[in-house]
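A structural walkthrough
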Amino acid sequence: MMTDLNSRFFKPCHSVFKHTNRYTQKGVVLFFALIALVVMSLAAAALIRSVDTNSLIAGNLSFKQSSMLSADSGVETARAWILANAGSLEVDNAANAAAGYFATSTADARALVDASTAVATGSGIVAGTDTQGNTISFVVQRMCRTVGPSSTSTCLFGPLSKPVCPSETLFPPIPCALQPSLIYRVTARVVGPKNTVSYIQTFAY
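The rules behind these values
Residues numbered from 1 in each chain as written. Predicted model: local features only at pLDDT ≥ 70, side-chain atom pairs only at ≥ 80, totals over all residues. Heavy atoms only, no water. Helix = DSSP H or I, 4+ residues; strand = E, 2+ residues; numbered from the N terminus. Buried < 20%, exposed > 50% of the residue type's maximum accessible area, 1.4 Å probe, protein only. Contact = heavy atoms within 4.5 Å. Core = buried A, V, L, I, M, F, W, Y, C linked by side-chain atoms within 4.5 Å. Pairing = 2+ DSSP bridges. Salt bridge = Lys/Arg side-chain N within 4 Å of Asp/Glu carboxyl O. Phe/Tyr/Trp six-rings, centres within 6.5 Å; stacked < 30°, edge-to-face > 60°. Right-handed = clockwise from strand over helix to strand, strands pointing away. Patch = residues over 30% accessible without salt bridge, like charges linked within 9 Å, V, L, I, M, F, W, Y side chains within 5 Å. Areas by Shrake-Rupley, 256 points an atom, 1.4 Å probe, with all protein chains shown as cover.

Observations regarding the overall build of the protein chain
- A tally of regular secondary structure across the protein chain gives 3 helices and 6 strands.
- The secondary structure elements of the protein chain, listed N-terminal to C-terminal, are α-α-β-α-β-β-β-β-β.
- Per-residue burial for the protein chain yields a buried fraction of 28% across its 205 residues.
- Taking the intrachain contacts of the protein chain between residues at least 6 apart in sequence as the baseline, contacts between residues at least 24 apart amount to 58%.

Details of the nonpolar core
- Ranked by size, the top nonpolar core spans 22 residues in total, and within it Ile-82, Tyr-101, Val-140, Tyr-184 and Val-186 carry the most contacts.
- Listed by contribution, the elements that provide at least two residues to this core are helix H1 (2-84), strand E2 (135-142), strand E5 (184-191) and strand E6 (197-204).
- Look past the residues within four positions of Ile-82 in its chain and what remains in contact with it is Leu-89, Val-140, Tyr-184, Val-186 and Ala-204.

Let's talk about the sheet that holds E6
- With respect to topology, 4 strands assemble into an open sheet ordered E1-E2-E5-E6, the strand pairing being mixed. Edge positions in the open sheet fall to strand E1 (101-102) and E6, since each of these has one partner strand only.

Overview of the pairing of E5
- With 7 of 8 residues buried, E5 lies mostly within the body of the structure.
- Sheet topology places E2 next to E5; 8 bridges connect them, and they run antiparallel. Residue pairing across strands places Val-140 opposite Val-186, the latter belonging to E5.
- Sheet topology places E5 next to E6; 8 bridges connect them, and they run antiparallel. In the strand pairing of E6, Tyr-184 is matched with Ala-204.
- Counted along the chain from E5 to the antiparallel partner E6, the turn is 5 residues long, and its residue Asn-195 has a positive phi close to 60°.

Observations regarding the environment of Tyr-205
- Relative to the helices and strands, Tyr-205 resides in the segment after E6.
- The residues contacting Tyr-205, other than those within four sequence positions of it, are Pro-159, Ser-181, Leu-182 and Ile-183.

Let's talk about the pattern of salt bridges
- Per the stated rule, a full pass over the model turns up 2 salt bridges.
- The partner of Arg-189 in a salt bridge is Asp-114, with the nearest N and O atoms 2.8 Å apart. Of the two residues, Arg-189 sits in strand E5 while Asp-114 sits in helix H3 (residues 109-114), which places them 75 residues apart along the sequence.
- A relative accessible area of 36% means that Asp-114 is categorised as partly exposed.

A word on the packing of aromatic side chains
- Applying the stated criterion to the full structure yields 1 aromatic pair.
- Taking the centre distance of 5.5 Å and the plane angle of 35° together, the rings of Trp-81 and Tyr-101 count as tilted. Here the residue Trp-81 occupies a position in helix H1, and Tyr-101 occupies one in strand E1, the gap between them amounting to 20 residues.
- Since its relative accessible area comes to 0%, Tyr-101 is described here as buried.

Focus: the pairing of E2
- Most of E2 sits inside the fold, with 7 of its 8 residues counted as buried.
- With H3 bridging E1 and the parallel E2, this β-α-β connection has right-handed handedness.

What to know about a nonpolar patch on the surface
- Nonpolar side chains collect at one region of the surface, where Phe-31, Phe-32, Ile-35 and Val-39 lie side by side and expose about 410 Å² of accessible area between them.
- Within the secondary structure layout, Phe-32 lies in helix H1.

Structural notes on unusual backbone geometry
- In this structure, Ala-127 is a non-glycine residue whose phi angle is positive, near 55°.
- Mapped onto the fold, Ala-127 is located in the loop between H3 and E2.

Below, the structure written as structure tokens:
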């Protein structure tokens, strides 16, 4: 009789423990599943952000390279202007801001080109803007500390060059003496379609 009562008493308790254990395990699995879902969501967001950043950097580099190539147009325009006005530039006493020319090199080139209205010309360039949407401006600075006639004491000169002399047309020709070439600093500024700004600087003589 006692054995039968014990068996009846313990069986329901054993059944209750098994039933409770099963539901507890189901809750743990859901908890870990939610954690894994959150981690995967964060990883996906980080990947998307990384791809967007890489695309933005690649686009900026592309526009930067395009603007660097367009700056050549500004340099060539400045060089052509120097060759066309070489004679007067040797003794020029004043700046010609409209043409982008300054008789001394003491002023900050970047500040000058930022305010310059002298723009590049050439094939495919309209009002200083090329077919890629880059706006090109430039300035020319004579490499002298002071205004006035150029001299070796106040200006920088490059290699010796042979000037064109009318006397060479005579017969027999009378050769001209070699003279040093005055150096000019050319600074070009390019503003791209996405507000990318590039500066190119070179020297001409």
